[in-house]
Amino acid sequence: MARSTCSARLLIRTALLLSICFLLNPADAGRRGFRKNKHDGGEERRAQEDDEKGGRRVGRKERKRLEREKAVKFAQMKADGQDQISMTKEAAELRSYELRKKKKKGLFRRKEASLAQVLFPGVSPEEYNDNEPIPAFVELVDSQKTQLPFQYYDLPTCKEPHDAIQRRFRQRKNLGSRLMGYKLRMSPYSFPTKVNKGCTPLCFVEVGDKKLNWLRKLIDRQYRIHLTLDKLPVLMRSKELNYAMRGFPIGFKAHKASTGLEHDEYYFFNHLKFTITYREEPNEFEGVRIIGFDAHPVSIDYRKEGEIKSLTQDTNLEAAGKADGFSGCQADSSPINDPESYLKLRSGSSGEPLNIGFSYEVHWQETDITWSDRWDVYLVGSPDDEIHYFAIVNSLMIVVFLTGAVATIMIRTLKKDIAGYNEMQTIEEAQEETGWKLVHGDVFRPPQSYPMLLCVLVGSGAQIGSAFFATLFASMLRMLNPIKKGQALTAVVVLYVFCGVIGGYVSARLYKFCDAKAWKRNTIATALAFPAVIVSMFMVLNIFLRIVGAATAVSFLTVFFIFLLWGCVATPLVFVGSYFGYRADKIEVPTKTNQIARFIPEVPYYAAPPISNMLAGMLPFGSVCIELFFIMSALWLHQLYYIMGFLLAVVAILGATCAQVSCVMCYLQLCVEDHRWWWKSFFNCASAGVYLFLYSIWFLASKLELVGILPVMVYLTYM
């Protein structure tokens, strides 16, 4: 007892001494971690910059004043016509200010960070020495109007670099990139570090009528070519119009009203002006860091002259040193877009193929922009992150509403009903019971219609949900690198395969509760049903994609690997989960089921399926509809989606909403003495998928401009 008293006194004395120190020197105590801000509760981050006068820490009022001055400064810059997309210091400052809310990490205590840390955490910059070759890769040639991408070398262009060069810079492909059609191949252009190039001829290519018609169709549907240098997508930007777009078009179309001809005229871009922005800082790092990669396409009609007439189209003129023979392409000149010299996509007067000469030039420009800010220009004009917060608040309001409804049912209604039933039993009133208690002997009766199908659907849903949550969790832990194409899809497929244990276990436990005996058939159906439907749709769609030559058409080897993964890994894991599910004890219920099912009275039409199901599905869909727009834009409009934390929060809210909707609807159903709740409870939340499909149709009609039947078929199949 004495020891306890002495210890207590010692703690009190220590607390008093710390309090005296805090009162005497609060600034020093704050630096040591004892000072707490009562106004912000410690949640708001203190200023990260010291005041220029004296190096003191900026207070909250001072920080607000500085923010107002910044707002006035950048508003004046925009009024003066300062663009946001060029590589100047002023444009970079304006970009950084406009994207300041995106450059923060964390949910509550948001810290400032660069977009490189937000978009691609863990990716470090690469330095290049002078004259060191930097590999440039070609990606898919795609369009928002068709969603049918093609490979770059399907176009009439110069041949790929030599196999030895390809092997030197080869990158491994994963399963997701193969399924999505991504096949990184080196471009025919060479970029030695800090080596400027004037107009450099590459090759001549002969294009026949069939290819010409195909090129006109691609131009008409606004296909764009995409290159990457140092993992940085090529940009086509205009300082005058203040816009920047990823990729550059294949060509352009001149309407007959502007040309005076009887038909539209198509022109082809065959010369590229590359501008590579770099940064050198010997005090910080050695070599050169790539900051920007731009391309400006030019259409110019070259003619074969001199000795190149005898060369084949497989000859790389730059590698062979055959620069002569290109009219209008000299090392000290730079071709420009001139209507008099545009390259028209027309065959000769007698039907001979069109000769297209390809060339390019490279200009290196130094800048003060840091490597961490090189991604800013790619997000200029994108929606603010506050919209995602509004989406979460909207979802939370729905959850709060449903939580109140469930709490009312569980606390007030059920308590009142139970008290009333108990009172009637004690008084022994001879009145007929009403409400949900009448069906207590039938509420746990197994489903009488298609119990195996219900178990298979529930097990498949558990498997899909587990794989999706695991993928999001891995992304949150930075185990997935967004800069690697197809890695997220690979993670989804692999995790879905390994989550077969969960699907088999859930399906087996539920099937055992239904007192069914065909457990082998149930296990096989759980392992094969959902994958068989998806693979069948995919194979039919793949046939059409193969016919049109789309890059997303999967090869036979990839299809065989998918079947191997399905048959040799996923199916055995489902059997393993089913084994443990059947070995587990049967799910116990608190009441005994009657031998004869109770008669179900007729219910109003609005309380019966499918109207009740559709009404119940509105709330789960409403909780995710705002975030769904950004997901759809990322999938079909080629926008960047990088906030996996928001997505995980919205998915968790969706799960809570579905659970609460099921509770409320099941209670209302039991109150009208309908004990057949199994399938109705399943469809109450599954009906949100109907709203999702209707939303996708609205998105197709209002946001997408798909041309042709096959692109619409691809879109609807994926949705």
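On a predicted model such as this, the values are computed, not experimentally measured, just so you know. Position labels on residues start from 1 in each chain and follow its written sequence. Thresholds applied to this predicted model are a pLDDT of at least 70 for local features of residues and 80 or more for the giving and counting of side-chain atom pairs; totals over whole chains, interfaces and linings are not thresholded and use all residues. No hydrogens and no water enter the side-chain calculation; it runs on all heavy atoms of the structure.

Student: Go over the state of the cysteines with me, naming the residues and quoting the values.
Tutor: Only a pair of cysteine sulfur atoms within 2.5 Å qualifies as a disulfide here. Under the criterion given, the structure shown has one disulfide. At a sulfur-sulfur separation of 1.8 Å, the disulfide partner of Cys158 is Cys203. Residues Cys158 and Cys203 share a disulfide whose torsion about the S-S bond is about -95 degrees; that sign makes it left-handed. Within this pair, whereas Cys158 is found in the loop between β3 (136–138) and α6 (163–168), its partner Cys203 is found in strand β5 (residues 197–207), the two being separated by 45 residues in sequence. In this pair, the class of Cys158 matches that of Cys203, namely buried. Counting from the N terminus, the helices are the DSSP runs of H or I reaching at least four residues and the strands are the DSSP runs of E reaching at least two. Note on classification: 1.4 Å probe, protein chains only; a residue is buried when its accessible area is under 20% of the maximum for its type, exposed when over 50%, partly exposed between these limits.

Student: Any chance you could break down empty space enclosed by the protein for me, citing the residues and the numbers?
Tutor: Computed over the protein atoms alone on a 1 Å grid, cavities are sets of points where a 1.4 Å probe fits but cannot get out and pockets are open sets with protein on both sides within 12 Å along at least five of seven lines; a residue lines them when it has an atom within 4 Å of a point. Grid points are joined across faces, edges and corners, and a volume is the space filled by probe spheres set on the points. Evaluated as defined, the whole model comprises three cavities of 30 Å³ or more. Taken as a whole, the largest cavity spans an internal volume of roughly 100 Å³. As for the largest cavity, its lining consists of Tyr152, Leu155, Pro156, Thr157, Tyr189, Ile225, Phe248, Phe268, Phe269, Asn270, Leu272 and Phe358. The classification used treats Ala, Val, Leu, Ile, Met, Phe, Trp, Tyr, Cys and Pro as nonpolar, Asp, Glu, Lys and Arg as charged, and all other residues, Gly among them, as polar. Across the lining of the largest cavity, the residue classes tally to 10 nonpolar, two polar and no charged. For the second largest cavity, the lining is made up of 13 residues, of which Met87, Arg237, Ile291, Arg374 and Val377 are closest to its centre.

Student: Summarise the nonpolar core; cite the residues concerned and give the values.
Tutor: Counting 61 residues, the largest nonpolar core has Ile250 and Phe274 as the members making the most contacts within it. No other element matches the six residues that strand β16 (residues 354–366) contributes to this core. A contact between two residues is defined here by any heavy atoms of the two lying within 4.5 Å. Not counting chain neighbours up to four residues away, the residues in contact with Phe274 comprise Tyr189, Phe191, Leu227, Phe293, Asp294, Ala295, Tyr360, Glu361, Val362 and His363. Counting residues in each nonpolar core, the second largest holds 17 residues, with Val439, Val443, Leu510 and Tyr511 among its members. Side-chain atoms within 4.5 Å are what join buried Ala, Val, Leu, Ile, Met, Phe, Trp, Tyr and Cys residues into a set we call a nonpolar core.

Student: Residue-level account of the confidence of the model for the protein chain, with values.
Tutor: Summary of the metric used: pLDDT quantifies the predictor's per-residue confidence within the range 0 to 100. Considering every residue of the protein chain, the mean pLDDT works out to 77; 78% of them sit at 70 or more. Within the model, pLDDT remains below 50 along residues 1–55, and this stretch shows 36 contacts once partners closer than five positions in the same chain are excluded. Considering only residues more than four positions removed or in separate chains, one finds that residues 426–432, a stretch of pLDDT under 50, has two contacts.

Student: Describe a nonpolar patch on the surface, and please don't skip the residues or the numbers.
Tutor: Only residues whose relative accessible area exceeds 30% and that take part in no salt bridge are eligible for patches, with like-charged residues grouped when within 9 Å of each other and nonpolar side chains (Val, Leu, Ile, Met, Phe, Trp, Tyr) grouped when within 5 Å. Per-residue and other accessible areas follow the Shrake-Rupley method at a 1.4 Å probe size, with only the shown protein chains counted as cover for residues. Whenever Lys or Arg places a side-chain nitrogen within 4 Å of a carboxyl oxygen from Asp or Glu, that contact is recorded as a salt bridge. Together, Val540, Ile543, Phe544, Ile547, Val548, Ile709 and Met713 make up an exposed nonpolar region whose accessible area comes to about 670 Å². Put simply, the parts of the chain that give the nonpolar patch at least two residues each are α15 (519–548) and α22 (709–718). In this structure, Ile543 sits in helix α15. The exposed category is assigned to Ile543, whose relative accessible area is 51%.

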